[in-house]
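Understanding the architecture of this molecule
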Amino acid sequence: MAMAPSISYSMTVRLEVGSRGRAVSEITRAVEHAGGVVTALDVNAAGHERLRVDVTCAARDTAHAEAIVAELTAMPDVAVHKVSDRTFLLHLGGKIEMRSKVPLRTRDELSMAYTPGVARVSMAIANHPEDVRRLTIKRNSVAVVTDGSAVLGLGNIGPYAALPVMEGKAALFKRFAGIDAWPICLDTQDTDEIVRTVQAIAPGFGGINLEDISAPRCFEVERRLRGLLDIPVFHDDQHGTAIVVMAALTNALRVVGKELGSVRIAMAGAGAAGTAVLRLLIAAGAKDVCVCDDKGSVHRGRTDLEANENLRWIADSTNSPCYAGDLAGAIVDADVFIGVSAPGILRGRDVAAMKSDAIVFALANPEPEVDPDEAREHAAVIATGRSDYPNQINNVLAFPGVFRGLLDAQSRTITDGMLVAAARALADVVTADELGPNYIIPSVFHPDVASAVAAAVREAASGAHPAGPQPSSSRSPRPHAPGPDLTGPDLTGGPDLTGGPDLTGPDLTSPDPGGPDPSGPYETVN
Ligand SMILES: NC(=O)c1ccc[n+]([C@@H]2O[C@H](COP(=O)([O-])OP(=O)(O)OC[C@H]3O[C@@H](n4cnc5c(N)ncnc54)[C@H](O)[C@@H]3O)[C@@H](O)[C@H]2O)c1
């Protein structure tokens, strides 16, 4: 598939050019001749002889960016001085920071925020662990935990290389749901060590977002942590994807006038995303599904099921006719194709063999299972993971609202019912008037997305277990500490000092307004 120039490969080239009549427009033409897109052009110094120009342009990839610079360098009477990669500039020094919410200007303020005042708050929590959410950051904090083993489409690149991605995720949590998330990049890929480490850090958080941990370890890590912790554990690559796919499919089926319970679904991919998508499809009522992996269809006669608990579950839950063949065969007469697998494994002719009004979700990143333009010739609705096509399946549509709802409900768990509720709420953000083949899922910037998802999860969580104060640690509260002056109810209890919405209320949980970062740009191209 041909890639279009993208802002993620945006650079600013500083150059000098003779101050002739058409000098500046020749620069634009040179960039366009090399296939780039000029997004800004600033003449920032002019003399009689020379102009200094900063030209900002988008390229397809690093090699293309180099080709554009080469084209500019080859221009007569042009001197290229400096090339700045705008994406790298944005990352200098990291993308997030911690800030104090309380003033620390005077000794009095210091004495309350830290010692000696803080000791009374600590003792109050020691005596009443259920107060920890009310009196600390736990109520609004999420750990974004990775071992760096399956980062984006980049593979096992380790915890350091994973950090910019996890920082970005934390920034999205804040931007879309007002949640204080923190990247935790672990220097281990041992399942036991990951589980033990996350268990040990859990007291400081109201939820755990597992991220970019490779299959099949991700299944065991999540299952064990869910058993150990009294806060929700959510692997976004699995369940975030599943929620958005389910929401998009709900609306795609509305577009073509079909029902989930009666359509035939062919899937490619039985890994982290595929398994979670399948689980949610079944929970929402799908009945006729056939899943293929790199060895063909998953069926009860396969000899590799014993070694893989996950595949065994898929074989037992799908493909009742026991179809044993390849993906091209599985897709024949299917109403829906969902790919979370590998690039370019289908052609337009495979899509042509599907039923009329076919739905094709080709989500392999960055290159889909089938070229969307080829698929469009035969299918009624297409979705991809790409931002340069309509109907982008993007996890940002799910995880901020999901965690907002879980934290607000002080939920201890996350259930399939909550995921289905989130998917339905996300689907319903698209109104009947707006719904169409090119608009089955709202934009990530739609202002109602996070709040709608959060409300649905909050409601489902309240039904699952009534909200109430829960301690995070499995340890029992400590015995009452001596000294009534430190812990007595007259000092720590009562609504005036620690209770009531005025002290811990909406400002902690309301979405971040998303205004300009007051710290300003880290570096300019000067
Ligand atoms: N929002 C999104 O668009 C989104 C979300 C999650 C994953 N994805 C994409 O989905 C893909 C899979 O992600 P994952 O985390 O589940 O990976 P994974 O490694 O856990 O699983 C990949 C699965 O694809 C199967 N596969 C490989 N080649 C195949 C082929 N030729 N035919 C059929 N199946 C084949 C593998 O057997 C495996 O079951 C990636 O490209 C990822 O970027 C997209």
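Preceding block: the structure.
We now turn to the structure provided with this report. It should be emphasised that the depicted structure is a prediction, and the values quoted were computed from it without experimental measurement. (Residues numbered from 1 in each chain as written. Predicted model: local features only at pLDDT ≥ 70, side-chain atom pairs only at ≥ 80, totals over all residues.)

**Observations concerning the overall build of the chain**
Of regular secondary structure, the chain possesses 22 helices and 14 strands. Split into buried and exposed, the 526 residues of the chain put 39% on the buried side. (Helix = DSSP H or I, 4+ residues; strand = E, 2+ residues; numbered from the N terminus. Buried ≥ 20, exposed ≤ 12 C-beta atoms within 10 Å, placed from the backbone.)

**So, the nonpolar core**
Of all hydrophobic cores here, the largest spans 120 residues; its most connected members are Ala 422, Leu 426 and Val 453. Contact partners of Ala 422, with chain neighbours within four places excluded, come to Ile 243, Ala 398, Gly 401, Val 402, Val 453, Ala 456 and Val 457. Among the nonpolar cores identified, the runner-up in size contains 16 residues, and Met 11, Val 53, Ile 68 and Val 69 belong to it. (Core = buried A, V, L, I, M, F, W, Y, C linked by C-beta atoms within 7 Å. Contact = placed C-beta atoms within 7 Å.)

**A closer look at the sheet that holds strand S14 (residues 379-384)**
The six strands lie next to each other as S11-S10-S9-S12-S13-S14, forming an open sheet whose pairing is mixed. Every interior strand has two partners, whereas the edge strands, strand S11 (296-297) and S14, have only one. Bridging between strand S9 (residues 264-268) and strand S12 (residues 336-339) involves four bridges; their strand directions are parallel. Paired with Ile 265 across the strands is Val 336, a residue of S12. The strands touched by helix H10 (residues 236-256) are S12, strand S13 (358-362) and S14; relative to S14, the strand with the most contacts, the crossing angle is about 165°. (Pairing = 2+ DSSP bridges. Axes fitted to C-alpha atoms, helices over the stretch in contact; angles between N-to-C directions.)

**Here's the deal with the site of the ligand**
Near the ligand you find 26 residues, and of these Gly 271, Ala 273, Asp 293, Asn 365 and Gly 385 are the closest. Secondary-structure elements contributing two or more residues to the shell around the ligand are H10, helix H11 (272-284) and strand S10 (288-293). The leading source of residues in the shell around the ligand is H11, at three residues. For the shell around the ligand, the per-class residue count stands at 13 nonpolar, ten polar and three charged. (Near = placed C-beta within 6 Å. Nonpolar A, V, L, I, M, F, W, Y, C, P; charged D, E, K, R; others polar.)

**With respect to the pairing of strand S1 (residues 6-18)**
Across ten bridges, the pairing between S1 and strand S3 (residues 50-59) is antiparallel. Its bridge partner lying in S3, Gly 18 is registered against Arg 50. Note that S1 and strand S4 (residues 78-85) share seven bridges and pair antiparallel. Bridging from a neighbouring strand, Met 11 pairs with Asp 85 of S4.

**Details of the packing of helix H8 (residues 191-201) against helix H9 (residues 217-228)**
Axis separation between H8 and H9 bottoms out at 10 Å; the angle between their running directions is 35°. Of the two possible hands of crossing, H8 and H9 adopt the one that is right-handed. The segment H8 lies against H9, with Thr 191, Ile 194, Val 195, Val 198 and Gln 199 engaging Arg 217, Glu 220, Val 221, Arg 224, Leu 225 and Leu 228. Split into classes, the residues belonging to the contact of H8 with H9 amount to six nonpolar, two polar and three charged. (Left-handed = near helix turned anticlockwise from the far one by under 90°.)

**A short note on the environment of Arg 279**
With respect to the secondary-structure elements, Arg 279 resides in helix H11. Considering only alpha carbons, one finds Arg 279 and His 239, 40 residues apart in sequence, at a separation of 9.3 Å. When neighbours within four sequence positions are excluded, Arg 279 is seen to be in contact with Ala 242 and Asp 416.

**Observations concerning the sheet that holds strand S2 (residues 37-46)**
One open sheet accounts for four strands, arranged S2-S3-S1-S4; its pairing is antiparallel. Looking at strand neighbours, the two that pair on one side only are S2 and S4, the edges of this open sheet. Averaged over all adjacent pairs, the angle separating strand axes in this sheet is 20°, with direction ignored. Its contacts with the sheet put helix H2 (residues 62-73) on S1, S3 and S4, and the angle it makes with S1 is roughly 15°.

**Notes on the pairing of S2**
The sheet contact formed by S2 and S3 spans eight bridges and is antiparallel. Its bridge partner being in S3, Leu 41 is matched across the sheet by Val 55. Hairpin connection from S2 to S3: three residues lie between these consecutive antiparallel strands.

**Some thoughts on the packing of H11 against helix H17 (residues 416-428)**
Between H11 and H17, the least distance of the axes is 10 Å, while the angle of their chain directions is 85°. By the criterion of interaxial angle, the relationship of H11 to H17 is roughly perpendicular. The segment H11 lies against H17, with Arg 279, Leu 280, Ala 283 and Ala 284 engaging Asp 416, Leu 419, Val 420 and Ala 423. When grouped by side-chain class, the residues that make up the contact of H11 with H17 number six nonpolar, no polar and two charged. (Parallel < 35°, antiparallel > 145°, perpendicular 65-115°, else oblique.)

**Points about the environment of Val 233**
Here Val 233 is to be found in strand S8 (residues 233-235). For the pair Val 233 and Gly 206, spaced 27 residues apart in sequence, the C-alpha separation works out to 9.6 Å.

**Details of unusual backbone geometry**
Here the amide bond leading from Ala 215 into Pro 216 is cis, since omega sits at 0°, within 30 degrees of zero. Inspection of the secondary structure assignment puts Pro 216 in the loop between strand S7 (207-210) and H9. A cis geometry characterises the amide bond from Asn 365 onward to Pro 366, with omega recorded as -5°. For Cys 322, which is not glycine, the phi torsion reads 60° and is therefore positive. Along the chain, Cys 322 turns up in the loop between helix H12 (309-317) and helix H13 (327-330). The class for Cys 322 is exposed, based on 11 C-beta atoms found within 10 Å. Although it is not a glycine, Asp 357 adopts a positive phi angle of roughly 55°. Considering the arrangement of structural elements, one finds Asp 357 in the loop between helix H14 (348-352) and S13. Residue classification places Asp 357 among the partly exposed positions, given that 16 C-beta atoms sit within 10 Å.

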